[in-house]
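Residue-level structure breakdown
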Amino acid sequence: MSALKKQRVAAGDDIEKRFAQGQRLQARERFAEAEQRYRKVLAFDPRHLGALTGLTQCLIAQKRQQEAIATLDRAAADAPVGDEAWLFDLAGLCTTVKYLQQARSLYERALEIAPDKSSSLINLANVVGDQGDIQKAIDLLSRAIEIDPNSAKAYGNLGKMLTGTRLRDEALACYRRAIELNPNLSQTWTNLAALFEIMGRHREALPALQQALTLDPESDAARWNLARTLLTVGEIEAGWDMYGFGFACGQHQPWRPFPGLIWEGQDLTDKTIMVWREQGLGDDLIFSTCYTDLIARAGHVIIETERRLVSLYQRTWPQATVRAETWTSTGLGNYGEVDFDYTAPAGLVAAQLRRSLAAFPDAGPALQPDPARLAECRAWLDTLGAGPKIGISWTSGTVDDVRSLNYTRLADWKDLFAIEGAAVVNLQYTDVSAEAEALQRDHGLTLHRMPGLDLRDDLEGVAALTAGMDAVVAPASFPAMMTGALNRPCFHYRRTDWPMLGSGRLPWFPQTRCYTIGDSGAGTGFVKPIVTELRTFLAV
């Protein structure tokens, strides 16, 4: 071996050592030091994909997203003309860090060079699907199948795209074909289970998830889906025992690791536990029904919740400390002084305290609205007449082809407005102007809206107005959860899902009556029985 060749081999060995050092530092979240190692690797080999990936991830972890984007843009601009393999790899990196615009451009450039490469078509379909262009994704996957009719991955991904539409039978056929071609892809079984869940076929989802875990026992996504499905079918203890995998797979947020401090049912006598909000406001209200029991067990309870709920929670649980949430944790090294003995996300508290339907109280404690705000709302409601006041919500802030099956239009509730003497009051936090004006214009019906009340941000006002209702009609969204937490009567329509715990009702909220939307999600056949029963309830 020549001296020059030996020198190059030694340099290459040194570069790989630096790359390995960068990986170890990154794993320990020492991102600035890892960044320096990766930069040295890239100075020697600008196309070292591992180092470029690590550098990008470290920049993002240090909240230097613009530098990360600029780094990837330079790599894309410097890609040699005609190097399809490098464009493909670089597109994969951009996809990994969610830089979808550049990923799409790189895959499109790669396909200009190799237009019949099915893996590029499949990956580009995933990117454009994540960007919301579902039809384009379906077209790309159909093209991939034309090129390679035996591609289990193409069929599986097409099934996933069709699941996001209402073409459920077609999605199911795609998954069946993918499994026929290759039954050993764990992700296909997981996605099939997700389709069964959407179709309301929860029992059929269980064996699909068990097969996914047989193929990949460490799949956190499959374990979380199994937890949710077990809860849905009423296997409550088994479901709760796997609930924490929602954080491991990234489906539950915020991720706040507290090594050695997570409460797993230990005695809380003379101990302080800090419980923190997870997921959205609706989930937080569901889990808040456990706080009275937790306070009775613990020496002291600290509740961290969304800032808009702090005063409402503090009034309801004056013996607890309630404060605005942070996304800090000891595991991230940014929490500061630890002022508790144990901690848990709110869902894991429920997992300990609500392990069976018998563990739910017959009548839970209600949130306590601000008396002054309640008096203000009641004064306004009195101006609407002496008849019953019915609150209504009918949609959500986030609606797609799948989620739309859970909601209605305001005009679907014309018979509700026909209840004699009743005033229907808006609790919907999205912009309702167009639907309310159309209802008045086309049907002569009035949706009453309280002047000056911000139904999205003023949650004290929302609680007070909701508490003034004789009854509320709402789908699976925040207004229904607020009504339940206030222990007010709610006529609630939803598809069968995990918060019902296989009971056909919401055991968290005893005053809530559930009307199950059919598995197909089609039509509004539940509207008439709700209006009929509400009329009887109000004795109108």
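Sequence order sets the numbering: in each chain, residues are counted from 1 along the sequence as written. In keeping with the model being predicted, local features are shown solely for residues with a pLDDT of at least 70 and side-chain atom pairs are shown and tallied solely at 80 or more, while totals for entire chains, interfaces and linings include all residues. As a convention, hydrogens and water are excluded, and side-chain values are obtained from all of the structure's heavy atoms.

1. Let's talk about the overall build of the chain
Each helix corresponds to a stretch of at least 4 residues labelled H or I by DSSP, and each strand to a stretch of at least 2 residues labelled E; elements are numbered beginning at the N terminus. The number of helices and strands found in the chain is 25 helices and nine strands. The principal-axis extents of the C-alpha atoms in the chain amount to approximately 100 × 60 × 45 Å. Under the scheme applied here, a residue whose accessible area is under 20% of the maximum for its type counts as buried, over 50% as exposed, and between as partly exposed, the area being computed with a 1.4 Å probe on protein chains only. Within the span of the chain, comprising 540 residues, buried residues form 51% of the whole. Per element, the accessible surface of the chain, about 24,100 Å² overall, is 49% carbon and sulfur. We get accessible surface area from the Shrake-Rupley algorithm with a probe of 1.4 Å; when it comes to residues, only the shown protein chains can shield them.

2. What about the sheet that holds strand E1 (residues 272-276)?
Pairing between the strands of a sheet is mediated by backbone hydrogen bonds and can be parallel or antiparallel. At least two bridges found by DSSP between two strands are what make those strands a pair. Spatial strand order, E3-E2-E1-E4: four strands in an open sheet with parallel pairing. With one partner strand each, in any of the chains shown, strand E3 (321-324) and strand E4 (342-345) form the two edges of the open sheet. Sheet twist, expressed as the average angle between the axes of neighbouring strands with direction ignored, equals 20°. When checking whether two residues touch, look at their non-hydrogen atoms; a contact exists if any pair is within 4.5 Å. For helices, the axis comes from a line fit to the C-alpha atoms of the stretch in contact; other axes are also lines fit to C-alpha atoms, and the angle between any two N-to-C directions lies between 0 and 180 degrees. Against the sheet, helix H19 (residues 346-353) engages E1 and E4, with an angle of about 100° to E4.

3. Section: the sheet that holds strand E5 (residues 389-392)
What the five strands build is an open sheet, ordered E6-E5-E7-E8-E9; its pairing is parallel. In this open sheet, the two strands that pair with only one neighbour each are strand E6 (423-426) and strand E9 (512-516). Across the sheet, the mean angle separating the axes of adjacent strands is 25° when strand polarity is ignored. Examined bridge by bridge, strand E8 (residues 490-494) and E9 share five bridges and lie parallel to one another. Residue pairing in the sheet places Arg494 in a bridge with Thr516 of E9. Docked against the sheet, helix H24 (residues 478-485) engages strand E7 (471-474), E8 and E9, running at close to 140° with respect to E8.

4. Digging into the pairing of E3
Summarising the sheet, strand E2 (residues 300-305) and E3 pair through four bridges and their orientation is parallel. Its bridge partner lying in E3, Ile302 is registered against Thr321. In the classification by handedness, the crossover that spans E2, the intervening helix H18 (residues 310-316) and the parallel E3 is right-handed. Looking down the strands as they point away from the viewer, one classifies a crossover as right-handed if the path from the first strand across the helix to the second runs clockwise.

5. Quick notes on the state of the cysteines
Any cysteine sulfur atom paired with another within 2.5 Å is treated as part of a disulfide. Inspection of every chain in the model, using the stated rule, returns zero disulfides. Here Cys290 is not cross-linked by a disulfide; its sulfur's nearest cysteine counterpart is in Cys514, at 17 Å. Judged by its relative accessible area of 0%, Cys290 falls in the buried class.

6. A closer look at the side chain of Asp83
Summarising the element assignment, Asp83 is placed in the loop between helix H4 (65-77) and helix H5 (84-96). By relative accessible area, Asp83 is classed as buried at 18%. Beyond its immediate stretch of four places on either side in the chain, Asp83 contacts Arg47 and Ile113.

7. So, the nonpolar core
Here, nonpolar core refers to any group of buried Ala, Val, Leu, Ile, Met, Phe, Trp, Tyr and Cys residues whose side-chain atoms link them within 4.5 Å. Counting 143 residues, the largest nonpolar core has Trp240, Leu465 and Trp508 as the members making the most contacts within it. Of the residues forming this core, the biggest block, seven residues, is contributed by H5. Those residues in contact with Leu465, other than ones at most four positions away along the chain, are Cys377, Trp380, Leu381, Val425, Asn426, Leu427, Met450, Leu453 and Leu455.

8. Here we look at the confidence of the model for the chain
Overall, the predicted model of the chain reaches an average pLDDT of 92, with 95% of residues at or above 70. A residue's pLDDT is simply how confident the predictor is in it, with values from 0 to 100. Per-residue pLDDT stays below 50 along residues 3-10; that stretch engages in one contact with residues further than four places along the chain or on separate chains.

9. Side note on the packing of helix H16 (residues 281-288) against H24
Where H16 contacts H24, the axes come no closer than 8 Å and their chain directions differ by 20°. The angle between H16 and H24 falls in the class roughly parallel. The hand of the H16/H24 crossing is left-handed. Residue-level contacts link Leu281, Gly282, Leu285 and Ile286 of H16 to Phe478, Met481, Met482 and Ala485 of H24. Under the grouping applied here, Gly and all other residues not named as nonpolar or charged are polar, the nonpolar ones being Ala, Val, Leu, Ile, Met, Phe, Trp, Tyr, Cys and Pro and the charged ones Asp, Glu, Lys and Arg. Residue composition of the contact of H16 with H24, by class: seven nonpolar, one polar and no charged. Each angle is binned into one of four classes, with values under 35 degrees roughly parallel, values over 145 roughly antiparallel, values of 65 to 115 roughly perpendicular, and all other values oblique. Should the near helix be turned anticlockwise from the far one by less than a right angle, the crossing is left-handed, and should it be turned clockwise, the crossing is right-handed.

10. Brief notes about the packing of aromatic side chains
Here a Phe, Tyr or Trp ring, Trp counted by its six-membered ring, pairs with any other such ring whose centre lies within 6.5 Å, and the pair is stacked when the planes are under 30 degrees apart, edge-to-face when over 60, and tilted otherwise. Counted by the stated rule, this structure contains 24 aromatic pairs. With centroids separated by 5.5 Å and ring planes inclined at 35°, the aromatic side chains of Trp413 and Tyr493 adopt a geometry described as tilted. With Trp413 in the loop between E5 and helix H21 (414-417) and Tyr493 in strand E8, this pair connects stretches of sequence that are 80 residues apart. The exposure class of Trp413 is buried, given its relative accessible area of 0%. Cluster of aromatic residues (ring-pair linked, three or more members): Trp224, Trp240, Tyr243, Phe287, Phe360, Trp498 and Trp508. The cationic tip of Lys117 hangs over the ring face of Phe88; the distance from NZ or CZ to the ring centre is 4.2 Å. Here the basic side chain of Arg256 rests over the ring of Trp276, its NZ or CZ set 5.2 Å away from the ring centre. A ring is scored as having a charge over it whenever the NZ atom of a lysine or the CZ atom of an arginine sits within 6 Å of its centre and within 35 degrees of its normal.

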